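Here is how the chains run, residue by residue.
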Amino acid sequence: MTPAFDSVSALIQMGYHGAYVWSAWGVSLLLITVLMWHSVYRRQQFFRQEAARLRRQAAQAKRQE
Amino acid sequence: MPEPSQTAGQPSIWRRLWIWFNQTVGPRHFFMTFRPWIKWLGLIAAVLIAVGSVWGLAFAPPDYLQGNSFRIIYIHVPAASLAMSIYLALAVLGVISLVWKIKTAEWVARAAAPVGFVMCVLSLLTGAIWGKPTWGTYWVWDGRLTSMLILAFLYAGIMALYQAFENSPNQGKAAAILAIVGAVNLPIIKYSVVWWNTLHQGATFTVTAAPKMDPSMLWPLLLTFIGFYCWAAALVLYRTCTLILERERQKRWVQEWVEQESRS
C-alpha cells in the first residue's frame, strides 16, 4: 500500500481540498467528543447525587439513634 | 380448562422463552448483561475508526472526478446511515414500549435519541462541506438533503418530548408516537435519490449489489462504517446504563452497586 501524498504538507493541502476534508473531520471530532463528554458527565452526576444521598441517610440514621 | 402448556409438567418452550425475554429486558438484568459489552465495543470501534481514518485520509487514492474531497465519505456515509438506523430503532422501540410496556425499551430509545440526532447533524454538516467543492454550493433543496433535514427536526422533536414529560407517568408515550409516525420519512430518505434525480449521488454500496467503488477506496469505508456502528452501540448502552441507575436508584441492587463502585 502506497501513501496517496508525497509529504505531510501535501497531505494537509490535499490539492485545494484540504480545508474541506479537514474541517469535516474536525467538526465530527468536536461533536462526537461533546456527546461522549455529556454521557460521562451524566454518569458522574448520578454518582455524586447518590453519594450525597447515602451520606444524608447515614447522618439521619445517626441522629435518630 | 387448563392451558396446554400447564398440562405437561414443564412450561412450553414459548412460555420459557417469554420468561427468559422478560428477565433479559428487566432493567437489572439488562444492566448486568450489557455493561461488560461497552468497553469491548468501544475498543473495537476505536481501532476500526482509527485505522479506517488513516487509511482513508492518507492511503486511499484520490477520486478521478472529485479529487481529494471524496475523503469526506469516510464520515459522511457512516453518520448518515447511523442517523437512519437509530431512527428506525426508535420507532421499533416505541412500538415495543407502547404495546408491551417494557420500561427498558423506552430507556434505550431515550438514550439513543441524542446519538442519532448528533449523527444526523453530522451527516448534514459534512455533506454541506462536501457539497461546496463538488456541487459549488453548501446547500440545495434536493430530495435527499431536505428529507434528511426533516429527520433532524424529528429527532429534535422527540428529544423535546422526552424532556417535556420527564416527570410524568406517561413519560415516553408522546415521543414514542412521534418516532413511529415519523418513520414514514425513512423510505423517503432512502429512495429520494431514485425518485428525484437531482444533485445527490446514489448509494455507494448496498447489501444486495456489488459496490460501485474500487476496493482501495471501499475498504476504509467499511472499517469506519462498522467502527461507527460499534461506537454508537457502546455509547447507547453506556447511556442506557446511566438511565437505569438513575431510574432504579431506590432499588437495593443499585445502591449496592454504587457502594461497590465507590469503594473500588
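Remember, predicted model here, so these are calculated numbers, not experimental data.

1. Examining the overall build of chain A
Thinking step 1. Of regular secondary structure, chain A possesses two helices and zero strands.
Thinking step 2. Computed over the C-alpha atoms, the radius of gyration of chain A is 25 Å, more than 25% above the 11 Å expected from 2.2 N^0.38 for a compact globule of 65 residues.
Thinking step 3. In terms of principal-axis extent, the alpha carbons of chain A reach across some 75 × 25 × 15 Å.
Thinking step 4. In chain A, which comprises 65 residues, the proportion classed as buried is 12%.

2. What to know about the overall build of chain B
Thinking step 1. If you tally the helices and strands in chain B, you get 10 helices and zero strands.
Thinking step 2. Going from N to C terminus, chain B has its helices and strands arranged as α-α-α-α-α-α-α-α-α-α.
Thinking step 3. For chain B, the spread of C-alpha atoms along the three principal axes comes to 70 × 40 × 40 Å.
Thinking step 4. Burial analysis of chain B (264 residues in total) assigns 39% to the buried set.
Thinking step 5. In chain B, of all internal contacts separated by at least 6 residues, the share reaching a separation of at least 24 is 76%.

3. Remarks on the environment of Cys230(B)
Thinking step 1. Along the chain, Cys230(B) turns up in helix 9 (residues 215–247).
Thinking step 2. Aside from chain neighbours lying at most four places away, what touches Cys230(B) is Leu41(B), Ile44(B), Ala45(B) and Leu48(B).

4. What to know about helix 7 (residues 173–182) of chain B
Residues and elements named next belong to chain B.
Thinking step 1. Ala175, Ala176, Leu178, Ala179 and Gly182 are the residues of helix 7 that are buried. The buried residues of helix 7 occupy an angular sector of 160° when the element is viewed end-on, so they sit on one face.
Thinking step 2. Lining the buried residues of helix 7 we find helix 4 (73–99), helix 5 (103–135), helix 6 (143–164) and helix 8 (185–195).

5. Notes on unusual backbone geometry
All names here are of chain A.
Thinking step 1. The backbone phi angle of methionine 14 is positive, close to 50°, even though this residue is not glycine.
Thinking step 2. Its place among the elements puts methionine 14 in the loop between helix 1 (8–13) and helix 2 (18–64).
Thinking step 3. When the 20 C-beta atoms within 10 Å are taken as the criterion, methionine 14 is described as buried.
Thinking step 4. Here tyrosine 16, not a glycine, exhibits a phi torsion of approximately 70°, which is positive.
Thinking step 5. Its location among the elements puts tyrosine 16 in the loop between helix 1 and helix 2.
Thinking step 6. Judged by C-beta crowding, with 11 C-beta atoms within 10 Å, tyrosine 16 ranks as exposed.

6. What to know about the interface of chain A and chain B
Many structure descriptions define interface size as the accessible area lost when the parts assemble.
Thinking step 1. At the junction of the two partners, chain A supplies 25 residues and chain B supplies 31 residues.
Thinking step 2. Here the side of chain A that touches chain B gets 17 residues from one element, more than from any other, and that element is helix 2 of chain A.
Thinking step 3. Looking at side-chain class alone, the side of chain A that touches chain B contains 17 nonpolar, five polar and three charged residues.

7. Here's the deal with helix 5 of chain B
Residues and elements named next belong to chain B.
Thinking step 1. Look at helix 5: 46 Å from first C-alpha to last across 33 residues, which is about the 48 Å you get at 1.5 Å a residue.
Thinking step 2. Along helix 5, the largest kink reaches about 30° and is centred on alanine 112; proline proline 114 follows within four residues of it.
Thinking step 3. A positive phi of about 85° marks glycine 136, the residue just after helix 5.

8. Some remarks on the environment of Ala179(B)
Residues and elements named next belong to chain B.
Thinking step 1. By the secondary structure assignment, alanine 179 is in helix 7.
Thinking step 2. Overall, alanine 179 belongs to the buried group, with 28 C-beta atoms counted inside 10 Å.
Thinking step 3. C-alpha separation for the pair alanine 179 and valine 92, spaced 87 residues apart in sequence, amounts to 8.6 Å.

9. Thoughts on the environment of Met32(B)
Residue and element names in this part refer to chain B.
Thinking step 1. Mapped onto the elements, methionine 32 comes out in helix 3 (residues 27–59).
Thinking step 2. Classification of methionine 32 as partly exposed rests on a count of 13 C-beta atoms within 10 Å.
Thinking step 3. Separated by 209 residues in sequence, methionine 32 and cysteine 241 place their C-alpha atoms 9.1 Å apart.

Calculation criteria
Residues numbered from 1 in each chain as written. Chains lettered and ligands numbered in written order. Predicted model: local features only at pLDDT ≥ 70, side-chain atom pairs only at ≥ 80, totals over all residues. Helix = DSSP H or I, 4+ residues; strand = E, 2+ residues; numbered from the N terminus. Rg over C-alpha atoms; globule rule 2.2 N^0.38 Å. Buried ≥ 20, exposed ≤ 12 C-beta atoms within 10 Å, placed from the backbone. Contact = placed C-beta atoms within 7 Å. Arc of directions from axis to C-beta. Nonpolar A, V, L, I, M, F, W, Y, C, P; charged D, E, K, R; others polar. Expected span 1.5 Å × (residues − 1). Bend = angle between axes of the 7 residues up to and from the residue.

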